[in-house]
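Close look at the chain arrangement
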Amino acid sequence: MFNKIRSSRFILASALGLALAMLAAGQSYAADHLVDIQSMKFSVPTLEVAVGDTITFTNHDAAPHTATARDGSFDTGRLAKGESATVTITTAGTFDYFCAVHPSMKAGITAQ
Ligand SMILES: [Cu+2]
């Protein structure tokens, strides 16, 4: 019984190790980038990402905000104070985005 438990742990550890090695070998596994929305600004004026990466926007203001792509490729919807939303960048290019509640709030993303 003890041996059986040990061997299944070994298989699990090996599978985990293999998965980690595969992640490390492929240099293009997705990263998550964080953008804070605070004092009526997006914290990163131009964010550089890779295709497949995610971006998590968090609103720290009392006012509601959105992060809405001008070309419609992503939209967090309205975020109240303390709320976050994550979007995935699926194509290469330059994306301008703004806050739909306060259109003068703008920033950009460059995806390669
Ligand atoms: Cu706003």
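Residues numbered from 1 in each chain as written. Predicted model: local features only at pLDDT ≥ 70, side-chain atom pairs only at ≥ 80, totals over all residues. Heavy atoms only, no water.

- Naming follows an unreviewed UniProt entry, where the protein chain appears as Copper-binding protein of Phyllobacterium phragmitis.

With respect to the sheet that holds strand 6 (residues 84-88)
- Pairing in this open sheet of four strands is mixed, and the strands run 2-1-4-6 from one edge to the other. Of all the strands in the sheet, the pair left with one neighbour each is strand 2 (41-42) and strand 6.
- In the sheet, strand 1 (residues 32-38) pairs with strand 4 (residues 54-59) via six bridges, with the strands oriented parallel. From the neighbouring strand, Leu 34 faces strand 4, where its bridge partner is Thr 56. (Pairing = 2+ DSSP bridges. Helix = DSSP H or I, 4+ residues; strand = E, 2+ residues; numbered from the N terminus.)

Re the coordination of the copper ion
- Only His 65 (ND1), Cys 99 (SG) and His 102 (ND1) from the protein reach the copper ion as donors, at distances of 1.9 to 2.1 Å.
- Ordering the donors of the copper ion by residue number gives the pattern H-x33-C-x2-H. Here His 102 lies in the loop between strand 7 (93-98) and strand 8 (106-111) and His 65 lies in the loop between strand 4 and strand 5 (68-69), a separation of 37 residues in the sequence. Each member of the pair His 65 and His 102 is classed as buried. (Donors = N, O, S within 2.8 Å, 3.2 Å for Na, K, Ca; no water. Buried < 20%, exposed > 50% of the residue type's maximum accessible area, 1.4 Å probe, protein only.)

Notes on the packing of aromatic side chains
- Going through the model one piece at a time under the given rule, you end up with four aromatic pairs.
- For the pair Phe 42 and Tyr 97, a centre-to-centre distance of 4.8 Å together with 75 degrees between the ring planes defines the contact as edge-to-face. Here Phe 42 is found in strand 2, whereas its partner Tyr 97 is found in strand 7, with 55 residues between them in sequence.
- Between the aromatic rings of Phe 57 and Tyr 97, the centroid separation amounts to 5.4 Å while the plane-to-plane angle is 75 degrees, which identifies the pairing as edge-to-face. In this pair, Phe 57 is assigned in strand 4 and Tyr 97 in strand 7, connecting sequence segments 40 residues apart. Tyr 97 matches Phe 57 in its accessibility class, with the two residues each being buried.
- An aromatic cluster of at least three residues, connected via ring pairs, comprises Phe 42, Phe 57, Phe 74 and Tyr 97. (Phe/Tyr/Trp six-rings, centres within 6.5 Å; stacked < 30°, edge-to-face > 60°.)

Focus on the sheet that holds strand 8
- On the basis of which strands lie adjacent, the open sheet formed by four strands has the order 3-8-7-5 and mixed pairing. The open sheet has two edge strands, strand 3 (46-49) and strand 5, and neither has a second partner.

Quick word on the environment of Val 51
- Position of Val 51 relative to the elements: it lies in the loop between strand 3 and strand 4.
- Here Val 51 is in contact with Ile 89, Thr 90, Thr 91, Ala 92, Ala 111 and Gln 112, once residues within four sequence places are set aside. (Contact = heavy atoms within 4.5 Å.)

Details of the nonpolar core
- Membership of the largest hydrophobic core comes to 21 residues, with the highest contact counts inside it found for Phe 42, Ile 55, Phe 57, Phe 74, Ile 89, Tyr 97 and Ile 109.
- Elements with a minimum of two residues in this core: strand 1, strand 3, strand 4, strand 6, strand 7 and strand 8.
- Broken down by element, this core gets its largest block of residues, three residues, from strand 8.
- Setting aside residues no more than four positions away along its own chain, Phe 74 makes contact with Phe 57, Ala 67, Thr 68, Ala 69, Val 87, Ile 89, Phe 95, Tyr 97 and Ile 109. (Core = buried A, V, L, I, M, F, W, Y, C linked by side-chain atoms within 4.5 Å.)

With respect to the side chain of Thr 54
- Locating Thr 54 in the fold gives a position in strand 4.
- Judged by its relative accessible area of 18%, Thr 54 falls in the buried class.
- The residues touching Thr 54, leaving out its near neighbours within four places in the chain, are Ala 31, Asp 32, His 33, Thr 86, Val 87 and Thr 88.

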